[in-house]
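What follows is each chain in one-letter form.
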Amino acid sequence: MQNIQMTRGFMGGLSPSTTLKMTQKAKDMKAQGIDVCSMSAGEPDFDTPKYIKDAAIEALNSGKTGYTDSSGLLELRKACAEKFIKDNNIQTTPAQVIVGPGAKFSVFSAIAALCGPGDEVIIPAPFWLSYPEMVTAAGAKSVFVDTKAENNYELLPADLERAVTANTRLLILNTPSNPTGAIYRKATLEAIAALAVKHNFMVLSDEIYEELVYEKDFPHISIGSLNKEIAELTITVNGFSKAYAMTGWRLGYLTAPLWLSKKISALQSHLTSNPTTFAQYGALKALACGKEEVYKMRDSFATRRDLIYNLISEIPKVKSIRPQGAFYLFCDISACGLKSGEFCDRLLEEEKLVAIPGDAFGADNCLRLSYACSEENIRTAVSRLKNFCSKF
Ligand code: PMP
Ligand code: GLU
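Because the structure is predicted, anything quoted here is derived from the model rather than measured.

### Points about empty space enclosed by the protein
So, point 1. This structure, assessed with the given rule, holds 1 cavity of 30 Å³ or more.
So, point 2. Of the volumes computed, that of the largest cavity is approximately 160 Å³.
So, point 3. Lining of the largest cavity is provided by 18 residues; of these, Pro124, Pro126, Asn174, Ser177 and Tyr184 occupy positions nearest its centre.
So, point 4. Taken together, the elements giving at least two residues each to the lining of the largest cavity come down to β3 (120-125) and β5 (168-174).
So, point 5. By residue class, the composition of the lining of the largest cavity is 13 nonpolar, 5 polar and no charged.

### Points about the environment of Leu14
So, point 1. Its place among the elements puts Leu14 in the segment before α1 (18-31).
So, point 2. Judged by relative accessible area, Leu14 falls into the partly exposed class, the value being 34%.

### Details of the side chain of Asn174
So, point 1. Relative to the assigned elements, Asn174 resides in strand β5.
So, point 2. Judged by its relative accessible area of 10%, Asn174 falls in the buried class.
So, point 3. A polar contact is formed between the side chain of Asn174 and the backbone oxygen of Pro176, at a distance of 3.2 Å.
So, point 4. A polar atom in the side chain of Asn174 sits 3.0 Å from the backbone oxygen of Asp206.
So, point 5. In contact with Asn174, not counting residues within four places along its chain, are Tyr131, Tyr184 and Asp206.

Rules used in this analysis
Residues numbered from 1 in each chain as written. Chains lettered and ligands numbered in written order. Predicted model: local features only at pLDDT ≥ 70, side-chain atom pairs only at ≥ 80, totals over all residues. Heavy atoms only, no water. 1 Å grid on protein atoms, 1.4 Å probe; cavity = no way out; pocket = protein on both sides within 12 Å on 5 of 7 lines; lining within 4 Å. Points joined across faces, edges and corners; volume = space filled by probe spheres on them. Helix = DSSP H or I, 4+ residues; strand = E, 2+ residues; numbered from the N terminus. Nonpolar A, V, L, I, M, F, W, Y, C, P; charged D, E, K, R; others polar. Buried < 20%, exposed > 50% of the residue type's maximum accessible area, 1.4 Å probe, protein only. Polar contact = N/O pair within 3.5 Å; in protein donor to acceptor, adjacent residues only side chain to side chain. Contact = heavy atoms within 4.5 Å.

In structure tokens form, the structure reads like this:
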């Protein structure tokens, strides 16, 4: 008799998302009345701006409750294309844009439409934990290239070139980065783009934290804007979750060369159809209005970044780069002598502080703290971490 529980496909063996698991764990503990301090969720603590919610409510009330084009409303794809052209200097058309149910799905659909068995996908480590699982789900192989804190976690072009083989199909870049908060400089992106063109592989640039940038010297730059050759090889992903505090709306979007957009669009048409219709009307409003609310949220993340970085810098056994974007602080805790999993388990047990172990991001000497929370929460978290580290 066959073992009914044995799966043979690529998708049945994935591990659950550690970030989502830990975030839920913190919520459950809070619900039980435990005084838990959570730095786990990669989710803005703000509500979605009212004008966006009103647009979705109006869409619902006016009967916008049926299917749309499976790649998203044409008006919204037009608005996304205009955004790519205006904000990112990426030349595109609405036919190349696909709106999906969350940037997570946009990233996956691009990987799955492009890669399969025999293909290699280069992922700089530390990485956002879903990339390798998505590559596995597509049947392709992840090739990790380590980056270092002293290089601001940038992928060194020489290291990248060493990892390239005849099977390299895709490189995944994420700037600003989850989990390090680092931002790539133009010169590095130019060198990486030159290698992609030379060796003929594609680049997926995940720019979901684009609006959350805090330093004049580290502006956000899209690799797809650098020149025509790299534009032909780049998929750029963005979304509404982080910039507009719309995590629960599940809306992301991408632009790709037309030949690939057609494949992604076909895939999405079978796997999800369109993203939620009335949510798309909210997104349309988000792009149509100015960025006043986005900048307000960004400014408060910037203040929290300064606060957490300054406080953490006072803990002798914890080291971190000063993050330039996103809302994460990635801390090297190797001086405490514990691997990240044991460190985070004990931190939770002994101090009731939830952090994400670095091994989930390919860096077992680190932990990730999300500072998308109140200043009071940040102060409590750092004092608990300090207390814990003083035991070593
Ligand atoms: N990319 C990165 C780097 C992320 O951190 C996230 C986290 N949510 C996503 C993509 C997906 O975002 P969403 O699906 O909420 O649009
Ligand atoms: N991306 C966020 C994080 O890293 C949300 C959780 C997830 O989607 O993984 O925490």
